Amino acid sequence: MSVLLVHPRLAGDPFADPVLYLDFRFGRRALLFDIGDLAPLSPREIARVTQVFVSHMHMDHFAAFDRLLRLSLYRDARVDLVGPPGLADAVESKLRAYTWNLLDAESRDFSLSASDWAEGGFMHASLFRARDAFRRQEIAPPSLNGMALMDDPEFTIEAAVLDHGVPSLAFTFQEKTRVNVHKARLDALGLPVGPWLTEAKRSVRRGDLSRRLSPADGRQVTIRDLLEAGALRTGAGQRIVYATDLAFTELNTKRLVALAHGADRLYIEAGFLEEDRLLAASKKHLTAAQAGSIARLAGVAEAFPMHFSPRYADRADELRAEFASAMAGG
Ligand SMILES: [Zn+2]
Ligand SMILES: [Zn+2]
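Note that the coordinates shown come from a computational prediction; the quantities given were computed from them, not determined experimentally. (Residues numbered from 1 in each chain as written. Chains lettered and ligands numbered in written order. Predicted model: local features only at pLDDT ≥ 70, side-chain atom pairs only at ≥ 80, totals over all residues. Heavy atoms only, no water.)

## A look at helix H8 (residues 250–260)
Buried within H8 are the following residues: Asn252, Thr253, Leu256, Val257, Leu259 and Ala260. Relative to the axis of H8, the buried residues are bounded by an arc of 160° and lie together on one face. In H8, the exposed residues that point more than 90 degrees away from the buried face are Glu250, Lys254 and Ala258. Contact partners of the buried residues in H8: strand E10 (155–163), strand E11 (167–175), strand E16 (239–243), strand E17 (265–269) and helix H10 (288–298). (Buried < 20%, exposed > 50% of the residue type's maximum accessible area, 1.4 Å probe, protein only. Helix = DSSP H or I, 4+ residues; strand = E, 2+ residues; numbered from the N terminus. Arc of directions from axis to C-beta. Contact = heavy atoms within 4.5 Å.)

Right, here's the structure in full:
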């Protein structure tokens with residue numbers, strides 16, 4: 001049995017302002033790629049969000065910042081936002097639009113951070129605390145190298161900078177190791193299935209092989225025992241890629257193909273029909289066929305076209321058909 005670390009899903013239909021919701025199977029935690037329209041998500045789902053990665057600050061990708069703020073304000077929590085240069089200024093401007101005279105040191109300890117990332121690393125980061133009436137405070141940005149935006153014990157987030165007239169970031173969620181349970185081997189060891197396996201899998205992903213667990217009365221096993229007996233097996237982790245709002249240029253294609261190479265799932269903008277490719281080019285967007293050709297070059301297992309232009313409200317099938325045909329090499 002294979003249990004994935006996260007379940008990705010588009011919050012709305014392909015015409016909605018984009019949001020990819022990555023919900024963790026274990027623990028109260030979720031990540032967002034873009035905050036276009038959060039209306040399809042429940043307040044409970046939004047309250048789980050701990051990190052938000054913003055492709056760029058066009059309104060259709062950033063407008064639901066207000067809803068996220070509204071639903072998070074009365075929680076002791078922190079939400080970290082990462083985006084292209086200008087994100088921290090944009091977050092500050094959003095916060096400055098409201099009156100915060102009722103916030104003080106007794107308020108809930110809610111805070112937001114906003115970090116500007118450009119190719120090669122973080123430029124700077126700012127923190128905004130509810131208890132400080134969301135005054136901007138400069139903080140040390142994460143020190144990560146290369147294309148990494150986040151390095152969690154269980155996954156990494158990487159980005160590529162694409163050209164959309166402005167820099168637009170495409171993101172990859174890379175699970176570090178996938179851990180499967182082999183039930184027959186577990187039975188052979190006389191060990192029960194149960195919540196202890198969640199802890200065991202986490203230890204495998206963290207490389208903590210000498211960790212000792214007590215799965216049954218009086219029994220103790222180490223992670224190494226379970227791997228050697230084949231009761232736990234490892235494989236390549238899940239790779240999920242989100243790419244939207246990019247011009248169809250050689251450099252964008254090269255960068256996105258490198259980022260999405262061999263991905264399990266690619267979510268990609270496919271907003272225009274081929275008959276309108278000049279219009280798509282003038283807006284620095286992909287057509288569905290161009291998006292399909294990128295999915296084919298990247299060799300992704302599954303692709304999900306999204307961010308359809310509202311001009312095709314009753315022609316979604318044509319967009320999907322042009323995407324699928326190009327992905328198949330037609
Ligand atoms: Zn845009
Ligand atoms: Zn857009």
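## Points about the coordination of the zinc ion (ligand 1)
Surrounding the zinc ion (ligand 1) are the protein donor atoms His56 (NE2), His58 (ND1), His164 (NE2) and Asp245 (OD), at 2.2 to 2.3 Å. In this structure, the zinc ion (ligand 1) is surrounded by four donor atoms whose angles at the metal cover 90 to 171°, and the resulting shape is irregular. Mapping the donors of the zinc ion (ligand 1) onto the primary sequence yields the spacing H-x1-H-x105-H-x80-D. The zinc ion (ligand 2) is placed at 3.6 Å from the zinc ion (ligand 1), the two being bridged by Asp245. (Donors = N, O, S within 2.8 Å, 3.2 Å for Na, K, Ca; no water. Tetrahedral: all angles 85-135°; square planar, octahedral: opposite > 155°, others 65-115°.)

## Quick look at the pairing of strand E9 (residues 148–151)
Sheet topology note: the E9/E10 ladder contains three bridges and is antiparallel. Paired with Asp151 across the two strands is Thr156, which belongs to E10. Taken together, E9 and the strand that follows it, E10, pair antiparallel across an intervening segment of three residues. (Pairing = 2+ DSSP bridges.)

## A closer look at the coordination of the zinc ion (ligand 2)
Within the first shell, the zinc ion (ligand 2) binds the protein through Asp60 (OD), His61 (NE2), Asp245 (OD) and His307 (NE2), at distances of 2.1 to 2.3 Å. Viewed at the metal, the four donor atoms of the zinc ion (ligand 2) are separated by angles of 85 to 151°, and the geometry they form is irregular. Counting along the primary sequence, the residues that act as donors to the zinc ion (ligand 2) give the motif D-H-x183-D-x61-H.

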